[in-house]
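# Analysis of the macromolecular model
For reference, the chains in residue letters:
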Amino acid sequence: MNNFIAHILVVDDDDGIRSLVKQYLNENNFLVTTSNSAENAEEKVLIIKFDLIVLDIMMAGKSGIEFIKDNKSKIDTPIILLTAKGKAEDRVSGLEVGADDYLPKPFEPKELTLRIKNILNKTKKNNQKRVVEFDDIKINLNKLLITKDEYEFKINNTEKIILEKMINNPGKTFSREDIGKLINLNKERSIDVIITRLRKKIETDPKNPKYLQTLRGVGYVLWIA
């Protein structure tokens, strides 16, 4: 990964596992921060931009699944779930709420390291494609910035998640339900408000959109060259 040193957040209420994982990742040239609870991890992700989170599911207080549900729309950090449970339903539930990978305990630290490296490599490749230009519009998903006619507009993480999905699937229609699942929001009116806000940042005439269009009764679609 060249000179890039990834910053990993390890969240587990087991002191021994936190210590073991931190030591092994440090030995493999990762920068590691630890948390002993989901609540403590939430405080950290608000002030630190991590490259990946290793997250235990079963913890005292808030679970790993609850952490993802509460924070996936706020952060775009890849997550690997750890759990003592190896049941298929636990793995599925974790992936359904937005985890990127799953590793049951007990596990080999080397396997965890390889999974981390694989995800970071994929993320790096995706990041290289996160600056999109069409006509006089430039969308920089890394900087959360839209440039149009020499004006700059900031976008939040929720807007970025929606835009990124649409940019990766140009011409595909997304229903309100699709978007709601993507950002963990089930209020149709709130989704309409977010789309309206995005149009004001992208469109020259937001009331007659050229790019972010509505297919009546179906959903929203992004048309880009």
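In case you missed it, the structure is sitting above this.
The structure reproduced in this document is the subject of the present report. (Residues numbered from 1 in each chain as written. Predicted model: local features only at pLDDT ≥ 70, side-chain atom pairs only at ≥ 80, totals over all residues. Heavy atoms only, no water.)

### Here's the deal with the packing of helix H6 (residues 157-168) against helix H8 (residues 188-202)
For the pair H6 and H8, the least separation of the axes is 11 Å and the interaxial angle reads 80 degrees. Relative to H8, the element H6 lies roughly perpendicular. Touching Thr158, Glu159, Ile162 and Leu163 of H6 are Ile194, Ile195, Arg197, Leu198, Lys201 and Ile202, all from H8. Classifying every residue of the contact of H6 with H8 gives six nonpolar, one polar and three charged. (Axes fitted to C-alpha atoms, helices over the stretch in contact; angles between N-to-C directions. Helix = DSSP H or I, 4+ residues; strand = E, 2+ residues; numbered from the N terminus. Parallel < 35°, antiparallel > 145°, perpendicular 65-115°, else oblique. Contact = heavy atoms within 4.5 Å. Nonpolar A, V, L, I, M, F, W, Y, C, P; charged D, E, K, R; others polar.)

### Side note on the sheet that holds strand E7 (residues 137-140)
With antiparallel pairing, the four strands of this open sheet are ordered in space as E6-E7-E8-E9. Looking along the sheet, the strands with just one partner apiece sit at the ends: strand E6 (131-134) and strand E9 (151-154). Here the strands of the sheet are splayed against their neighbours by 15 degrees on average, with no regard to which way each runs. Of the pairings in the sheet, the one linking E7 to strand E8 (residues 145-148) comprises four bridges and is antiparallel in character. In the sheet register, asparagine 140 faces E8, and the bridge partner there is leucine 145. (Pairing = 2+ DSSP bridges.)

### Observations concerning the side chain of threonine 77
Here threonine 77 shows up in the loop between helix H3 (64-71) and strand E4 (79-83). For threonine 77, a relative accessible area of 5% puts it in the buried group. Those residues in contact with threonine 77, other than ones at most four positions away along the chain, are Lys49, Phe50, Asp51, Leu52, Ile53, Lys72 and Asp100. (Buried < 20%, exposed > 50% of the residue type's maximum accessible area, 1.4 Å probe, protein only.)

### A closer look at the environment of glutamate 111
Along the chain, glutamate 111 turns up in helix H5 (residues 109-127). Along the sequence, glutamate 111 and leucine 9 sit 102 residues apart, while their C-alpha atoms lie 17 Å from each other. Within the structure, the side chain of glutamate 111 is placed 2.8 Å from the side chain of arginine 115, a separation counted as a polar contact. (Polar contact = N/O pair within 3.5 Å; in protein donor to acceptor, adjacent residues only side chain to side chain.)

### Quick word on the packing of H6 against helix H7 (residues 176-183)
Each pair of packed helices can be described by the angle between their axes along with the distance between the axes. The geometry of H6 relative to H7 is characterised by a closest axis approach of 10 Å and an angle of 125 degrees between their N-to-C directions. One finds that H6 runs oblique with respect to H7. For the pair H6 and H7, the sense of crossing is right-handed. Between H6 and H7, the residues in contact are Thr158, Ile161, Ile162, Lys165 and Met166 and Ile179, Leu182 and Ile183, respectively. For the contact of H6 with H7, the residue count by class is six nonpolar, one polar and one charged. (Left-handed = near helix turned anticlockwise from the far one by under 90°.)

### Some thoughts on unusual backbone geometry
A cis geometry characterises the amide bond from lysine 105 onward to proline 106, with omega recorded as -5 degrees. Among the secondary structure elements, proline 106 is positioned in the loop between strand E5 (101-104) and H5. Despite not being glycine, aspartate 149 shows a phi value in the positive range, around 50 degrees. Its location among the elements puts aspartate 149 in the loop between E8 and E9. You can call aspartate 149 partly exposed: its relative accessible area is 38%.

### Quick look at H8
Over its 15 residues, H8 extends 21 Å from the first C-alpha to the last, a length consistent with the 21 Å expected when each residue adds 1.5 Å. Ile191, Asp192, Ile194, Ile195, Leu198, Arg199, Lys201 and Ile202 are the residues of H8 that are buried. (Expected span 1.5 Å × (residues − 1).)

### Re the packing of aromatic side chains
All told, the structure shown has one aromatic pair when counted by the stated rule. Centroid distance phenylalanine 134 to tyrosine 211: 5.0 Å. Interplanar angle 65 degrees. Geometry classified as edge-to-face. Here tyrosine 211 lies in the loop between H8 and strand E11 (212-215) and phenylalanine 134 lies in strand E6, a separation of 77 residues in the sequence. Since its relative accessible area comes to 8%, tyrosine 211 is described here as buried. (Phe/Tyr/Trp six-rings, centres within 6.5 Å; stacked < 30°, edge-to-face > 60°.)

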